[in-house]
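Next come the chains, spelled out residue by residue.
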Amino acid sequence: MSESHPPAGGSPRLDTSVAHNARVWNYWVGGKDNYEVDQRVGEHVAGMFPVIRAVARADRDFLGRAVRFLAAERGVRQFLDIGTGLPTVDNTHEIAQRVAPESRIVYVDNDPIVLVHARTLLTSTPEGVTDYVDADVHDPDAIVRRASGTLDLTRPVAVMMLGILNFVLDTEKARDIVRRVMAAVPAGSFLVLTHPTFDADLGGEGNIAAMEFWNENATPPITARGRADVAAFFEGLDLLEPGLVPCSQWRSGSGAAAVPQFGAVAVKP
């Protein structure tokens, strides 16, 4: 499962009768922006695949480490967060602007409940800017066009795709989305990505049955991918150390347990 999602085509209406990924993920990380149906499905998935709560926490912690690293050590001052999901503690803009108050952040999502909470996201330091774009990951050209109203696309941008491409079921379409977004940003930009896997060496085989249950009982549909397909999203980019690893182990120090969710950061040469 993942923190964010891309509904297909247009902004859907809020439906509280069916479990929804943004709200279930919010439930797993201890948020309050969810309903009984989300809690029920979330508990069932966690019963089938108990590591999912650790995955949710690890994905969120990865976001914090990646944003701090890029802002503090790589001097990134612009972030395009595609599929932001519901706001929780330490969102991208809060972390980046804590390091560099002048940072500019654009959040992208296409979910009605996220839109309701956009006012929470739309906070900023006086020196910086935070904006929200209601757009679908399936339309990367629209995302880039609308984000360019806030971001200077002649300067490096950190493109954040945390748990979003797993909702693009066709792998070639997902790769094309990454290519088109990264083609629109200059050399020195970064791709920050997480993605669930079914790889058994990371304990991901349980994702298969859990996602089958999810796709029958919740929305939107989701898929996991193997290491090779996730690595292919970084084609033409230079992976930073430690490369493509469980997101829990990306620059986290020693002793972190692996989770079946890949994470990596790469730079556009």
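What you are looking at is a predicted structure, and each value in this text was computed from that prediction instead of being measured.

Conventions and cut-offs
- Residues numbered from 1 in each chain as written.
- Predicted model: local features only at pLDDT ≥ 70, side-chain atom pairs only at ≥ 80, totals over all residues.
- Heavy atoms only, no water.
- Axes fitted to C-alpha atoms, helices over the stretch in contact; angles between N-to-C directions.
- Helix = DSSP H or I, 4+ residues; strand = E, 2+ residues; numbered from the N terminus.
- Parallel < 35°, antiparallel > 145°, perpendicular 65-115°, else oblique.
- Left-handed = near helix turned anticlockwise from the far one by under 90°.
- Contact = heavy atoms within 4.5 Å.
- Buried < 20%, exposed > 50% of the residue type's maximum accessible area, 1.4 Å probe, protein only.
- Pairing = 2+ DSSP bridges.
- Salt bridge = Lys/Arg side-chain N within 4 Å of Asp/Glu carboxyl O.
- Polar contact = N/O pair within 3.5 Å; in protein donor to acceptor, adjacent residues only side chain to side chain.
- pLDDT = per-residue confidence, 0-100.
- Expected span 1.5 Å × (residues − 1).
- Arc of directions from axis to C-beta.
- Phe/Tyr/Trp six-rings, centres within 6.5 Å; stacked < 30°, edge-to-face > 60°.
- Core = buried A, V, L, I, M, F, W, Y, C linked by side-chain atoms within 4.5 Å.

S.K.: Looking at this structure, how should I read the packing of helix α1 (residues 21–28) against helix α2 (residues 36–48)?
M.R.: At a minimum axis distance of 9 Å, the contact between α1 and α2 shows a crossing angle of 65 degrees. In terms of axis orientation, α1 runs roughly perpendicular to α2. Note on packing geometry: the crossing formed by α1 with α2 is right-handed. The segment α1 lies against α2, with Arg-23, Val-24, Tyr-27 and Trp-28 engaging Val-37, Asp-38, Gln-39, Gly-42, Glu-43, Val-45 and Ala-46.

S.K.: Quick question: what am I supposed to make of the pairing of strand β10 (residues 261–267) here?
M.R.: Note on strand geometry: in a regular strand, side chains alternate between the two faces of the sheet. Here β10 lies mainly inside the structure; seven of its seven residues are buried. Of the two faces of β10, the one lined by Gln-261, Gly-263, Val-265 and Val-267 and the one lined by Phe-262, Ala-264 and Ala-266 are each fully buried. Across seven bridges, the pairing between strand β6 (residues 190–196) and β10 is antiparallel. Within β10, the position partnered with His-195 by the bridge is Phe-262. Of the strand pairs in this sheet, strand β8 (residues 238–239) and β10 are connected by two bridges, and their pairing is antiparallel. When the sheet's bridge partners are listed, Leu-239 is paired in β10 with Ala-266. Taken together, the two bridges between strand β9 (residues 245–246) and β10 define a ladder with antiparallel strand orientation. Each residue of the ladder has a partner; that of Pro-246, found in β10, is Phe-262.

S.K.: Help me understand the pattern of salt bridges, please; the structure alone is not making it clear to me.
M.R.: In total, this model carries eleven salt bridges according to the counting rule given. Here Asp-38 makes a salt bridge to Arg-23, at a shortest N to O gap of 2.7 Å. Of the two residues, Asp-38 is situated in helix α2 and Arg-23 in helix α1; the sequence distance between them amounts to 15 residues. Given a relative accessible area of 0%, Asp-38 falls into the buried group.

S.K.: Would you mind going over the side chain of Thr-130 with me for this structure?
M.R.: Looking at the secondary structure, you find Thr-130 in strand β4 (residues 129–134). Taking the relative accessible area as the measure of exposure, Thr-130 reaches 11% and is therefore buried. At a separation of 2.7 Å, a polar atom in the side chain of Thr-130 contacts the main-chain carbonyl oxygen of Thr-123. If near-sequence neighbours (up to four positions away) are discounted, Thr-130 is found in contact with His-93, Gln-97, Ile-105, Tyr-107, Leu-121, Leu-122, Thr-123 and Ser-124.

S.K.: Hey, could you run me through the confidence of the model for the protein in this one?
M.R.: In low-pLDDT segments, the atomic positions of the prediction should not be examined closely. Per-residue pLDDT for the protein averages 91, and the proportion of residues at 70 or more is 95%. The low-confidence segment residues 1–11 (pLDDT under 50) makes 60 contacts with residues lying over four places distant or belonging to another chain.

S.K.: For this particular structure, what's the right way to read α2?
M.R.: A turn of α-helix holds 3.6 residues, and therefore any two residues three or four places apart point the same way. If you check α2, its first and last C-alpha atoms are 19 Å apart, about what 13 residues at 1.5 Å a residue would give, namely 18 Å. Residues of α2 that are buried: Val-37, Asp-38, Val-41, Gly-42, Val-45 and Ala-46. Summarising the axial view, the buried residues of α2 lie within an arc of 160 degrees, below the 170-degree limit, and thus occupy one face. The outward face of α2, more than 90 degrees from its buried face, is lined by the exposed residues Glu-36, Arg-40 and Gly-47.

S.K.: Help me understand the packing of α1 against helix α3 (residues 52–73), please; the structure alone is not making it clear to me.
M.R.: Relative orientation and spacing of two packed helices are given, respectively, by the angle between their axes and the distance between those axes. At a minimum axis distance of 9 Å, the contact between α1 and α3 shows a crossing angle of 95 degrees. Classed by the angle they form, the pair α1 and α3 counts as roughly perpendicular. Residues Trp-25, Tyr-27 and Trp-28 of α1 touch α3, and the partners they reach there are Ile-52, Arg-53, Val-55, Ala-56 and Asp-59.

S.K.: Is there a simple way to think about the environment of Asp-199 in this case?
M.R.: By the element assignment, Asp-199 lies in the loop between β6 and α9 (206–217). On a C-alpha basis, the gap between Asp-199 and Thr-125 in space is 41 Å, while along the polypeptide they are 74 residues apart.

S.K.: Please explain the packing of aromatic side chains as it appears in this structure.
M.R.: Two measures describe an aromatic ring pair: the distance that separates the ring centres and the angle between the ring planes. Going through the model one piece at a time under the given rule, you end up with three aromatic pairs. Plain terms: the ring middles of Trp-25 and Trp-28 are 6.1 Å apart, the flat faces sit at 70 degrees to each other, and that makes the pair edge-to-face. Placement of both Trp-25 and Trp-28 in helix α1 is noted, with a separation of three residues, approximately one turn of the helix. Of the two residues examined, Trp-25 and Trp-28, each falls in the buried class.

S.K.: Looking at this structure, I do not really get the nonpolar core. What am I missing?
M.R.: It is characteristic of soluble globular proteins that their nonpolar side chains tend to be buried jointly. One finds Trp-28, Phe-62, Leu-70, Phe-79, Phe-190, Val-192 and Val-265 to be the most contacted residues of the largest nonpolar core, which totals 53 residues. Among the elements that take part in this core, α3 stands out by supplying eleven residues, more than any other. Once you skip the residues sitting within four places of it in the chain, Phe-79 turns out to touch Val-67, Leu-70, Ala-71, Thr-92, Ala-96, Arg-104, Ile-105, Val-106, Leu-151, Val-157, Ala-158 and Met-160.

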